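Coordinates in review
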Amino acid sequence: MKVLIAGGRGRVGSKVADLLEAKNVEVISGGLADGVDYIEGTRVAEVLTGVDVIVNVLNTGRFDEEGAVRFFEETTRTLTAEGQRAGVTHHILLSIVGVGEGDASDIGYYLGKVAQERAIREGSLPYSIVRSTQFQGYIPVLADQYTVEGKVLAPRDLIQPVELDELVDLLVEVALGDSPVPEVEIAGPERFHLDDLLRGTLAARGDSREVVTVAGNGAIDALVPRGSYRMGEVLYPIRGIPLAT
Ligand SMILES: NC(=O)c1ccc[n+]([C@@H]2O[C@H](COP(=O)([O-])OP(=O)(O)OC[C@H]3O[C@@H](n4cnc5c(N)ncnc54)[C@H](OP(=O)(O)O)[C@@H]3O)[C@@H](O)[C@H]2O)c1
């Protein structure tokens, strides 16, 4: 089996590549640093030669709706169309739990992920969508996303961050599985309120930004899995933050 990791030198992609290689799977990395560009169409057909499975862990720095939607839609369509031409049998996408719902519904980046999921569903390749909650290590970045004029404006939504290696295990399991999933979710073992989690995380990091609890858009459980999901075992590294009951 040969696996193309679209974004193979990124935070998630490099770990997926390492784990697959440790299992003696042939891996090829396809990202900008490899000279591959799924927006411009550079080296896409070349990098897909002989590939059976695509693990799509691409990412963009565009957090605005227009930029994020364009990036995720175009890259997913390109990988699906070119993948089909190349004889790929399985396209695996990493998405985020709850995108497009409740308080996650009006964040431009999340709308990009909604568009990405739609693009893979509309395409002709068999697919799996692996939806993860926020990575534990990503919580400080989330604080930045909720920051307005120096204050972190956080709704009291539920959030259940997962340790990255546990997600990587799941992605590799899906990649090596006999057939597409087609949808699976993963979350960590602890559920917090977002405002408490950001407050506790920033305090532990010596970040003086004030976290202000604000009213949400409803659906306080948008960022946590609603149905069945794989629960990771690794606890959030900062202890003492109140759990949501
Ligand atoms: N952060 C979270 O809590 C969280 C939770 C759930 C899901 N996710 C999802 O996880 C995914 C991966 O995130 P990450 O943090 O691993 O991202 P990352 O470290 O920024 O890596 C992104 C990769 O995409 C490649 N890339 C970007 N634009 C490209 C283009 N036009 N053509 C080809 N390659 C391109 C980059 O190539 P270079 O390395 O060469 O620049 C890089 O390898 C994202 O889709 C994100 O939505 C994140």
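Above this text you will find the structure in question.
Everything in this summary refers to the structure shown in the same document. (Residues numbered from 1 in each chain as written. Predicted model: local features only at pLDDT ≥ 70, side-chain atom pairs only at ≥ 80, totals over all residues. Heavy atoms only, no water.)

Spatially, the seven strands line up as an open sheet ordered 2-1-3-4-5-9-12, and their pairing is parallel. Lying at the two open borders of the sheet, with one neighbouring strand each, are strand 2 (26-30) and strand 12 (230-231). Note that strand 5 (residues 127-132) and strand 9 (residues 183-187) share four bridges and pair parallel. Considered in strand 9, the bridge of Ile129 is made with Glu183. Here helix 4 (residues 108-122) sits on the sheet in contact with strand 3 (53-56), strand 4 (90-96), strand 5 and strand 9, set at roughly 160° to strand 4. (Pairing = 2+ DSSP bridges. Helix = DSSP H or I, 4+ residues; strand = E, 2+ residues; numbered from the N terminus. Contact = heavy atoms within 4.5 Å. Axes fitted to C-alpha atoms, helices over the stretch in contact; angles between N-to-C directions.)

Take the site of the ligand next. Every one of the 27 residues lining the ligand counts as a neighbour, but Arg11, Ala33, Leu58, Tyr109 and Lys113 are closest to it. One nitrogen or oxygen atom from the main chain of Arg11 is found 2.8 Å from an oxygen atom belonging to the ligand. Within the side chain of Tyr109, an N or O atom sits 2.6 Å from an oxygen atom of the ligand. Protein contacts shield 85% of the accessible area of the ligand, which totals 940 Å² for the unbound molecule. Only helix 1 (11-22), helix 3 (65-86), strand 4 and helix 4 provide two or more residues apiece to the shell around the ligand. Considering only residue class, the shell around the ligand consists of 15 nonpolar, eight polar and four charged. (Near = heavy atom within 4 Å. Polar contact = N/O pair within 3.5 Å; in protein donor to acceptor, adjacent residues only side chain to side chain. Areas by Shrake-Rupley, 256 points an atom, 1.4 Å probe, with all protein chains shown as cover. Nonpolar A, V, L, I, M, F, W, Y, C, P; charged D, E, K, R; others polar.)

What the three strands build is an open sheet, ordered 6-7-11; its pairing is mixed. Pairing within the sheet leaves two strands with one partner each, and these edge strands are strand 6 (147-148) and strand 11 (211-214). Summarising the sheet, strand 7 (residues 151-155) and strand 11 pair through four bridges and their orientation is parallel. Its bridge partner being in strand 11, Leu153 is matched across the sheet by Val212.

Further remarks concern the environment of Gly30. Relative to the elements of secondary structure, Gly30 occurs in strand 2. Overall, Gly30 belongs to the buried group, its relative accessible area being 0%. Gly30 sits 57 residues away from Gly87 along the chain, and the two C-alpha atoms are 17 Å apart. For Gly30, the contacting residues outside a window of four places in its chain are Leu4, Ile5, Ala6, Gly7, Gly8, Val36, Tyr38, Val47 and Leu58. (Buried < 20%, exposed > 50% of the residue type's maximum accessible area, 1.4 Å probe, protein only.)

Looking at chain direction, strand 6 and strand 7 are connected through two bridges and run antiparallel. In the sheet register, Val148 faces strand 7, and the bridge partner there is Lys151. The hairpin formed by strand 6 and strand 7 contains two residues between the paired strands, and Glu149 there has a positive phi angle of roughly 50°.

Glancing now at the nonpolar core. Among the nonpolar cores identified, the biggest contains 63 residues, and Val16, Tyr38, Val130, Leu142, Leu171 and Leu198 are the most heavily contacted of them. A total of eight residues in this core trace back to one element, the largest contributor, which is helix 6 (residues 164-176). (Core = buried A, V, L, I, M, F, W, Y, C linked by side-chain atoms within 4.5 Å.)

Helix length check: helix 6 (13 residues) gives 19 Å between terminal C-alpha atoms against 18 Å at 1.5 Å per residue, within 8%. Taken residue by residue, helix 6 has Leu164, Glu166, Leu167, Val168, Leu170, Leu171, Val172, Val174 and Ala175 as its buried positions. In this fold, the buried residues of helix 6 make contact with helix 1, strand 3, strand 4, strand 5, strand 9 and strand 12. Where helix 6 begins, the capping side chain belongs to Glu163, and its oxygen is found 3.0 Å from the backbone nitrogen of Asp165. (Expected span 1.5 Å × (residues − 1).)

A few words now on the pattern of salt bridges. Taken as a whole, this structure holds 21 salt bridges when the rule is applied. Note that Arg9 is salt-bridged to Asp34, the shortest N-O span being 2.5 Å. You can see Arg9 sitting in the loop between strand 1 (2-6) and helix 1 and its partner Asp34 sitting in the loop between strand 2 and helix 2 (44-47), a full 25 residues away along the chain. A salt bridge links Glu74 to Arg70, with the shortest nitrogen-to-oxygen separation between them at 3.2 Å. Of this pair, Glu74 and Arg70 both sit in helix 3, separated by four residues, roughly a single helical turn. Among the ionic contacts, a cluster of salt bridges with common partners joins Glu117, Arg121, Arg131, Glu183 and Glu185. (Salt bridge = Lys/Arg side-chain N within 4 Å of Asp/Glu carboxyl O.)

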